[in-house]
Amino acid sequence: MNTFVYKLSTSLYINLTNRCSNDCVFCVRNLSDSLGGYDLRLSREPLASEVLNLIEKERDYSEVVFCGYGEPTCCFDTLIVIASALKAQGVKTRLNTNGQANLILKRNVAKELASVIDIISISLNAVSAEKYQEVCKSEFGKDAFGALLSFAKECAEAGAKVILSAVDILSEEEILSAKEIAKTAGAEFRLRALIE
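For the structure given in this document, a descriptive report is provided here. (Residues numbered from 1 in each chain as written. Predicted model: local features only at pLDDT ≥ 70, side-chain atom pairs only at ≥ 80, totals over all residues. Heavy atoms only, no water.)

Ranked by size, the top nonpolar core spans 56 residues in total, and within it Leu 113 and Leu 164 carry the most contacts. Not counting residues up to four positions away in its chain, the partners in contact with Leu 164 are Ile 122, Leu 124, Leu 148, Ala 152, Ile 181, Ala 182, Ala 185, Ala 187, Glu 188, Phe 189 and Arg 190. Tyr 6, Tyr 13, Leu 35 and Val 65 belong to the second largest nonpolar core, which has eight residues in total. (Core = buried A, V, L, I, M, F, W, Y, C linked by side-chain atoms within 4.5 Å. Buried < 20%, exposed > 50% of the residue type's maximum accessible area, 1.4 Å probe, protein only. Contact = heavy atoms within 4.5 Å.)

Right, let's talk about the sheet that holds strand β1 (residues 5-8) for a bit. Spatially, the seven strands line up as an open sheet ordered β1-β2-β3-β4-β5-β6-β7, and their pairing is mixed. At either margin of the open sheet sits one strand with a lone partner, and together these are β1 and β7 (188-192). Averaged over all neighbouring strand pairs, the angle between strand axes comes to 25°, with direction disregarded. Judged from the four bridges that link them, β1 and strand β2 (residues 11-14) form a sheet pairing that is antiparallel. Looking at β2, one finds that Leu 8 is bridged to Ser 11. Most of the contacts of helix α3 (residues 76-88) go to strand β3 (residues 63-66), to which it runs at about 170°, and overall it touches β2, β3 and β4 (93-97). Helix α8 (residues 172-185) contacts β6 (161-167) and β7 of the sheet and is inclined by roughly 145° relative to β7. (Pairing = 2+ DSSP bridges. Helix = DSSP H or I, 4+ residues; strand = E, 2+ residues; numbered from the N terminus. Axes fitted to C-alpha atoms, helices over the stretch in contact; angles between N-to-C directions.)

Okay, the packing of aromatic side chains next. With the rule as written, the count across this model stands at three aromatic pairs. With a centroid separation of 5.2 Å and 20° between ring planes, the pair formed by Tyr 6 and Tyr 13 is classed as stacked. Ring pairs connect the aromatic residues Tyr 6, Tyr 13 and Tyr 38, which therefore count as one cluster. (Phe/Tyr/Trp six-rings, centres within 6.5 Å; stacked < 30°, edge-to-face > 60°.)

Side chains that differ in sign of charge can pair as their charged atoms come close. Per the counting criterion, the structure on display carries six salt bridges. Here Lys 161 ties to Glu 188 by a salt bridge, and the two come within 3.6 Å at their closest N and O atoms. Of this pair, Lys 161 sits in strand β6 while Glu 188 is found in strand β7, placing the two residues 27 residues apart along the sequence. Judged by its relative accessible area of 38%, Lys 161 is partly exposed. Judged by relative accessible area, Glu 188 falls into the partly exposed class, the value being 41%. (Salt bridge = Lys/Arg side-chain N within 4 Å of Asp/Glu carboxyl O.)

Most of strand β5 (residues 119-123) sits inside the fold, with five of its five residues counted as buried. Side chains of β5 alternate between two faces, with Ile 119, Ser 121 and Ser 123 and Ile 120 and Ile 122 buried alike. Sheet topology places β4 next to β5; four bridges connect them, and they run parallel. Among the inter-strand pairings, Thr 97 is bridged to a residue of β5, identified as Ile 122. With five bridges joining them, β5 and β6 adopt parallel strand pairing. The partner of Ser 121 across the bridge, within β6, is Ile 163.

As a further point, take the packing of helix α2 (residues 48-56) against α3. As a packed pair, α2 and α3 sit with axes 9 Å apart at the nearest point and diverge in direction by 35°. Of the two elements, α2 crosses α3, and the hand of that crossing is right-handed. Counting all contacts with α2, which are made through Ala 48, Val 51, Leu 52 and Ile 55, the residues of α3 involved are Thr 78, Val 81, Ile 82, Ala 85 and Leu 86. (Left-handed = near helix turned anticlockwise from the far one by under 90°.)

Below, the discussion takes up unusual backbone geometry. Phi at Asp 60 is positive, roughly 55°, even though this residue is not glycine. Mapping Asp 60 onto the fold places it in the loop between α2 and β3. A residue is classified by how much of its surface remains accessible, and Asp 60, at 70% relative accessible area, is exposed. Its identity as a non-glycine residue notwithstanding, Asn 125 has a phi of 65°, on the positive side.

This part is about the environment of Leu 113. Residue position: Leu 113 is located in helix α5 (residues 110-116). With 34 residues separating them in the primary sequence, Leu 113 and Leu 79 have C-alpha atoms 9.1 Å apart. Once residues lying within four places of it in the same chain are set aside, the contact partners of Leu 113 are Thr 73, Phe 76, Leu 79, Ile 80, Leu 95, Ile 120 and Phe 151.

Written out as structure tokens, the structure reads:
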């Protein structure tokens, strides 16, 4: 059965797709068949109405997070419909993304996302285009890193709270550089634990 909505701690997560423009060496989907006991591999992508119906049945959650086994912005239209409906209900939303939405969609979508998403959390994971490509293996090659940084800045300028995050495989020197990169983009920085 397809798991489109799942709960971890007090957050409700939406698993829109298994498609992604990256193939990160540390990605949990390459290391495990499940996350938190949920099988997140999909045989099809959900309709916005299906996801909203599933969310309606849930109780006691602090936020709704767009994050599954793929890049949520690959299902941009579905994401926007869901996020707009949740915003109208006063629900706090977060998008966990690789920051390549503008490349994926071939247009600038920062303002659209910032208008319906409260927090945009972007996986930075490296401090140079070369290193990013080495660990994230983007289909966009070395263009991905610069696009990610531009996207972060555009989302912050459009009014979203932006967090640049990295898994704790970075050196102390790289962490300092990552913090500086986040500051320049108008974003916060967060180091997160690698999911084994």
